[in-house]
Structure formats: C-alpha cells, structure tokens
Amino acid sequence: MKRLKRHQELWLGLLGVLLAFGVCEVVGRAGIVRRSYLPPASEVLARAVELAGDGAFLDGVGATLRAWALGLGLAVAIAVPLGLLLGSVPVVDSAVRMIVEFLRPLPSVALIPLVSLLLGTGTETKVALITYASVWPVLFNTIYGLGEADPLAKDTLRAFGFGRVSVLLRVELPGTAPFIAAGIRISAAVALILAVATELLSGFGEGLGIFIAQAGLATDGTRDVLAGVVWAGALGLVVNGVLVRCERRLFPWTPERRADGRGVRS
C-alpha cells in the first residue's frame, strides 16, 4: 500500500510537469505571448539539452557547483559545532542570541557590494555569501535537535557516571543527526540559489548565473535564459533528491520514516 502510494505521488508529479510543459508550449506557439518573450517549451528544452554538449557552459556549471559545495561545506563545519555549543550551554546561547537574531534576517544578496569590496571579484565572494546564507538552517536545526534529545537516556547515562561530553556524543549528537541532515538539505537549496543569484547580480567570474545574465543582455536571448533556468532547476532537483535518499538510508528510525513505512527495509 505504501509503495503504491509513492508510485501514485510520482505519477501525479510527472503529470503536473507535463501539464505545465503543455501549457507553456501552447501559449508560446499560439501567439498569445510573443516568442521573444516566451519561446515554446519544446524549444527551451531542446536548447537546454543542446547546452549539455557545450564545454564552456559545462565549465561554468562546474564553477557554480564548486562554489556551492565549498560554501555549503564551510557552513556545515561552522554551524554544527556552534549549534551544539549554543544548544548545550544556555549561558552562551543567551550571550549571543541577540547577535544571531540581528544577523539572521540580513539578506545575503544585499551584502554583495560589501563582500566584493572586501574579498574582490572572485570565487571567494560567492563562497562567503553562500556560507553566510547556508549557516542558519543548519544552526537552528542543530539547536532544535538538541532540545528534542531523549531526557531519560541522558539522565540514565549521568546516573551511571558518564560526563557531559559522553552524554553529548552518545545520546544528544545521534538524536540530533536527523535534524542536522534536514538542515543541510534546506541549506543545500539555499546555497544553490545564492550561487546562481550572486553570479547573476554581481556580473563577474564564471558560472551558470553569468551565462543567464549574459543571455539576458543578448538579442533574442530569452531562450538561453530559460534554458539556463531549466538547468538550475534540474540541479536543485537532483541535489534535493540525493539528500532525501541519503536521509532515508541513514536515519530509518525517525518517526516520520516509520510512519510512512520507509524505515522498514524488505
């Protein structure tokens, strides 16, 4: 029954994609919107496939993915230890809470001019902005996960003489791991958006965003712009799918996995 439900969800998702594709195709070919503004979906898709054989374009996509991976990795390396510290030591959490709440709402794209001035027009600027934007989901998920750790298990270890570090490593960190993984999945999407947006808005370097920006300035470049957007969406879909599958394999014991039967392996 659960497998049938998952297959049904998959087919419904594919149906939605086909319907959206059909609507865009009809609108583009019927002349309701000028082709220079909205080319038919088939032409956009064909151009996106054609770009897969363009070495220069693939190099740009690789540059975007390298910045994405480095920024996300730095964000995780910063956010997980910091989240464990803030979630474990209330005094530290109270001391820095105001600073965190001040920095969190700042939009990363608004920092592009400042970061570019400090770090120059290179990969460092993209990585810094990606890291800044990606820290917050992992940080707050880590703190929240620590708060959800089993108090009975912690009290049991303390009763047997285990210290604070042992309780953290044996109970709190394993219990927090699914929350951290969920935060990483959210941050991965944020990081990809920031990677493309930084390239798009800053106009320097190489990458998928640079391709989209340059196509937007060209005559009749709408097809290339939309093809680049298709690539960005496809990359996001692949990244999210991989991370979701990793979560299901690594943490089959979580309540949501048990509830839908995904935690039971045949």
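What this report covers is the structure whose coordinates are included nearby. (Residues numbered from 1 in each chain as written. Predicted model: local features only at pLDDT ≥ 70, side-chain atom pairs only at ≥ 80, totals over all residues. Heavy atoms only, no water.)

Considerations on the overall build of the protein chain
Formally: Each helix corresponds to a stretch of at least 4 residues labelled H or I by DSSP, and each strand to a stretch of at least 2 residues labelled E; elements are numbered beginning at the N terminus. Categorising residues by exposure relies on relative accessible area from a 1.4 Å probe, with only protein chains included: less than 20% of the type maximum marks a residue as buried, more than 50% marks it as exposed, and the intermediate range marks it as partly exposed. Whether two residues touch is decided by their heavy atoms; if any such pair falls within 4.5 Å, the residues are in contact. Only the protein chains shown count as cover for residues, and the accessible areas themselves come from Shrake-Rupley with a 1.4 Å probe.
Along the backbone of the protein chain there are 11 helices and zero strands. Beginning at the N terminus, the succession of helices and strands in the protein chain can be written as α-α-α-α-α-α-α-α-α-α-α. Principal-axis analysis of the C-alpha atoms gives the protein chain an extent of 75 × 55 × 30 Å. By residue count, 35% of the 266 residues in the protein chain fall in the buried class. In the protein chain, 68% of the contacts between residues at least 6 apart in sequence involve partners at least 24 apart. Summed over its atoms, the accessible surface of the protein chain is roughly 15,400 Å², and 69% of this surface lies on carbon and sulfur atoms.

Overview of the nonpolar core
Applied cut-off: In these notes, a set of buried Ala, Val, Leu, Ile, Met, Phe, Trp, Tyr and Cys residues joined through side-chain atoms within 4.5 Å is what counts as a nonpolar core.
Core analysis: the biggest nonpolar cluster contains 28 residues, and F57, W68, L208 and W231 have the highest contact counts within it. Looking at this core, the elements with two or more residues in it are helix 2 (41–51), helix 3 (55–88), helix 5 (112–119), helix 6 (123–147), helix 8 (164–202), helix 9 (208–217) and helix 10 (222–250). Broken down by element, this core gets its largest block of residues, six residues, from helix 8. If we ignore the near neighbours within four places in the chain, the residues touching W68 are I130, A188, A191, L192 and V239. Ranked by size, the runner-up nonpolar core spans 16 residues in total, among them L84, L139, L168 and I180.

Examining the packing of aromatic side chains
To keep it simple, the criterion reads: For Phe, Tyr and Trp, where Trp contributes only its six-membered ring, two rings pair if their centres lie within 6.5 Å, and the inter-plane angle classes them as stacked under 30 degrees, edge-to-face over 60, or tilted in between.
Under the criterion given, the structure shown has five aromatic pairs. Centre to centre, the rings of F57 and F211 are 4.9 Å apart; their planes meet at 70°, and the pair counts as edge-to-face. Residue F57 is located in helix 3, and its partner F211 is located in helix 9; the two are separated by 154 residues in the primary sequence. As far as burial versus exposure is concerned, F57 and F211 are alike and both buried. Look at Y144 and F179: their rings are 5.5 Å apart centre to centre, the planes differ by 70°, and that puts the pair in the edge-to-face class. With a gap of 35 residues between them, Y144 in helix 6 and F179 in helix 8 connect regions that are remote in the sequence.

Structural notes on the pattern of salt bridges
Defined as follows: Whenever a carboxyl oxygen of Asp or Glu lies within 4 Å of a side-chain nitrogen of Lys or Arg, that contact is scored as a salt bridge.
Summed over all chains, the structure comprises seven salt bridges. The shortest N-O distance in the salt bridge between E101 and R97 comes to 3.3 Å. With a gap of four residues between them, E101 and R97 both fall in helix 4 (residues 90–103), about one helical turn apart. The partner of E199 in a salt bridge is K126, and the shortest N-O contact between them spans 2.8 Å. Here the residue E199 occupies a position in helix 8, and K126 occupies one in helix 6, the gap between them amounting to 73 residues. Using a relative accessible area of 1% as the deciding quantity, one classes E199 as buried. Since its relative accessible area comes to 6%, K126 is described here as buried.

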